[in-house]
Amino acid sequence: MRHLIDICDLSLEEIDSLISCALDIIAHPDDYAEVCKRKKLATLFFEPSTRTRLSFEAAMMELGGNVLGFSAAASSSASKGESVMDTITVVSSYADIIAMRHPKEGAPKHASMKCKVPIINAGDGGHNHPTQTLADLLTIKREKGSFNNLVVGLCGDLKFGRTVHSLITAMSRYKNITFVLISPDELKCPQYIVDIAKKAGHTVIETTDLENTIGTLDILYMTRVQQERFFNEEDYIRLKDSFILDTEKLKFAKEDLTVMHPLPRVNEISVKVDDDPRAAYFKQVENGKYMRMALIMMLLGLKK
Ligand code: NCD
């Protein structure tokens with residue numbers, strides 16, 4: 001039984017084949033319209049989501065399958081005290097594959113241990129978010145053509161931002177990356193993630209300065225300060241607007257910079273940046289759906 005809990009559960013060859021499959025879906029969507037006929041995807045979201053849940057659901061529908069699930073812990077039996085394990089056991093007798101988001105780090109991994117259908121981690125607390133990384137990788141492939149020899153800036157809440165952790169882990173498997181980690185001191189990237197990049201031989205620069213580093217970047221991955229992970233409202237208020245990308249700052253950036261953001265955006269990117277050809281965050285959303293289609297097919301062992 002294959003699950004996707006951590007981006008490293010996929011080999012580089014498998015990531016390449018997911019990308020090829022996603023590109024083929026984009027070129028020939030009709031060929032995939034019935035691949036998941038009579039299959040069901042359950043989306044179990046114990047934490048809020050717009051894109052991830054709806055893109056999983058849209059992905060399954062575009063493959064001709066059906067979806068069921070819940071979008072908040074309050075509307076599931078978790079609110080009556082049911083354990084994650086019991087919920088998963090029950091749902092696995094209704095669905096062929098499960099996408100699960102949970103505020104507790106490790107919950108999808110725990111759930112996968114006894115589950116008889118594939119489980120996809122759709123975000124676990126401040127830990128990992130591997131399917132966002134699949135969306136990010138397809139975006140990088142389409143915008144940059146390669147995963148090697150890039151200067152990748154990641155900016156904002158690098159401590160709690162799970163998309164950042166999964167993306168650094170994924171990019172560390174390619175060649176000659178310079179990671180520029182831009183955050184307030186209190187929201188620095190966890191050392192175990194920095195160590196993954198360093199041990200793989202990449203350069204890691206940690207800074208609090210966006211203005212003076214933006215000119216060196218090939219990719220700028222902005223992130224939201226993760227309010228829901230703060231213990232203290234005052235700290236959130238103090239840190240939430242630490243970095244705002246606007247058209248002024250973009251004047252110092254390369255002509256071919258790619259600006260990414262997993263979304264939702266709060267204040268980190270001025271809406272004026274949306275009209276700049278370097279803004280790729282809405283393309284990322286679309287790429288996410290195609291990569292999730294490819295992933296569902298892979299985990300269910302289905303071909304067009
Ligand atoms: C991200 C998440 O949930 O981690 N959103 C997403 O899935 N696209 C980022 C965030 O919430 O800031």
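Residues numbered from 1 in each chain as written. Predicted model: local features only at pLDDT ≥ 70, side-chain atom pairs only at ≥ 80, totals over all residues. Heavy atoms only, no water.

**Structural notes on the overall build of the protein chain**
Working step 1: Secondary structure assignment for the protein chain yields ten helices and nine strands.
Working step 2: Taking 19 Å as the expected radius of gyration for a compact globule of 304 residues, we find that the protein chain reaches 19 Å, a close match to that expectation.
Working step 3: Dimensions of the protein chain, computed from C-alpha atoms along their principal axes, come out at roughly 55 × 45 × 40 Å.
Working step 4: Counting all 304 residues of the protein chain, 55% fall into the buried class.
Working step 5: Counting only contacts in the protein chain whose residues sit at least 6 apart along the sequence, the fraction spanning at least 24 positions is 74%. (Helix = DSSP H or I, 4+ residues; strand = E, 2+ residues; numbered from the N terminus. Rg over C-alpha atoms; globule rule 2.2 N^0.38 Å. Buried < 20%, exposed > 50% of the residue type's maximum accessible area, 1.4 Å probe, protein only. Contact = heavy atoms within 4.5 Å.)

**Examining the pairing of strand β8 (residues 219-222)**
Working step 1: Where burial is concerned, the two faces of β8 agree: the one with I219 and Y221 and the one with L220 and M222 are both buried.
Working step 2: Sheet topology places β8 next to strand β9 (residues 258-260); three bridges connect them, and they run parallel. When the bridges of β9 are listed, L220 appears paired with V259. (Pairing = 2+ DSSP bridges.)

**Some words on the site of the ligand**
Working step 1: As a structural note, the neighbourhood of the ligand is formed by T52, R101, H129, Q132, R162, T163, R224, Q226, P262, L263 and P264.
Working step 2: Between H129 and the ligand, the recorded distance is 2.7 Å, taken from a side-chain N or O atom to an oxygen atom.
Working step 3: Between the ligand and the protein, one listed contact pairs an oxygen atom with a side-chain N or O atom of R224 at 2.8 Å.
Working step 4: Burial of the ligand by the surrounding chains reaches 95%, relative to a free accessible area of 320 Å².
Working step 5: Considered class by class, the residues forming the shell around the ligand number three nonpolar, five polar and three charged. (Near = heavy atom within 4 Å. Polar contact = N/O pair within 3.5 Å; in protein donor to acceptor, adjacent residues only side chain to side chain. Areas by Shrake-Rupley, 256 points an atom, 1.4 Å probe, with all protein chains shown as cover. Nonpolar A, V, L, I, M, F, W, Y, C, P; charged D, E, K, R; others polar.)

Function-wise, these values are silent; they only describe arrangement.
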